[in-house]
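Understanding the architecture of this molecule
Each chain is listed here by its residues.
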Amino acid sequence: MDYISVTKTNRLFWLGRYYERVSLTLRFIMERYDEMIDSDSFDYHKYCCDIGIPDVYSSTEDFFERYIFDISDDFSIRKSADMMLGNGMVLRDTIGSPTLSYLQMTVYAIDELSGKKMPIGLGLQKIIDNIMAFRGSYDDFIDDDKIRNTIKCGASIERLSFCLRAH
């Protein structure tokens, strides 16, 4: 039985949390974005309150732009993606370069979409596709159950936390 250091376990756990946060938040935002386009009825104030993030946005459009793309916003999807990638880079020897590449492609896809005019739905789907490719890659190519299960544990806790707050 191989030993995994506490530091590495912590990074694997947070890698799981951040990748799941990016995935869940993007899916949730995609649904709300469609509502906004169809009826202009998305209440971002309520979302911020439900999720437990500061409501620092000036309009619905400002919310979507900054909450998705602003790396200086500690609660943004882009900031979570940056934290996800940072953990992945430190764990490159553990998760492998091919698996890490999906995290990098996720961040590139977010940055590529930033500043583009709406609608952004297809671009958001590309980001989700990269996240799902990461999930498939670590599930298929990381042989060590402890490593894989630590990532999954972090993802499961993030999913539970998000679902309790968002619904």
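The following refers to the structure shown. (Residues numbered from 1 in each chain as written. Predicted model: local features only at pLDDT ≥ 70, side-chain atom pairs only at ≥ 80, totals over all residues. Heavy atoms only, no water.)

Here's the deal with the overall build of the protein chain
In terms of helices and strands, the protein chain carries eight helices and zero strands. Reading the helices (α) and strands (β) of the protein chain from amino to carboxyl end gives α-α-α-α-α-α-α-α. Rg of the C-alpha trace for the protein chain: 16 Å, near the compact-globule value of 15 Å for 167 residues, within the 12% margin. Taken over the C-alpha atoms alone, the protein chain extends approximately 55 × 30 × 25 Å along its principal axes. For the protein chain, the share of sequence-separated contacts (at least 6 apart) that also reach a separation of at least 24 residues comes to 63%. On the protein chain, roughly 8700 Å² of surface is accessible, and the fraction owed to carbon and sulfur atoms is 54%. On the protein chain, the mean spot of the 20 positive side-chain charges and the mean spot of the 27 negative ones are 5 Å from each other. (Helix = DSSP H or I, 4+ residues; strand = E, 2+ residues; numbered from the N terminus. Rg over C-alpha atoms; globule rule 2.2 N^0.38 Å. Contact = heavy atoms within 4.5 Å. Areas by Shrake-Rupley, 256 points an atom, 1.4 Å probe, with all protein chains shown as cover. Lys, Arg positive; Asp, Glu negative; His and termini not counted. Charge placed at Lys NZ, Arg CZ, Asp CG, Glu CD.)

A word on the packing of helix α1 (residues 6-39) against helix α4 (residues 77-90)
Running from N to C, α1 and α4 cross one another at 150°; their axes reach a closest spacing of 8 Å. The angle between α1 and α4 falls in the class roughly antiparallel. Crossing handedness for the pair α1 and α4: left-handed. From α1, Arg-11, Trp-14, Leu-15, Tyr-18, Tyr-19, Arg-21, Val-22, Thr-25, Leu-26 and Ile-29 reach across to α4, where they touch Ile-77, Ser-80, Ala-81, Met-83, Met-84, Gly-86, Asn-87, Gly-88 and Val-90. Of the residues belonging to the contact of α1 with α4, the class tally is 12 nonpolar, five polar and two charged. (Axes fitted to C-alpha atoms, helices over the stretch in contact; angles between N-to-C directions. Parallel < 35°, antiparallel > 145°, perpendicular 65-115°, else oblique. Left-handed = near helix turned anticlockwise from the far one by under 90°. Nonpolar A, V, L, I, M, F, W, Y, C, P; charged D, E, K, R; others polar.)

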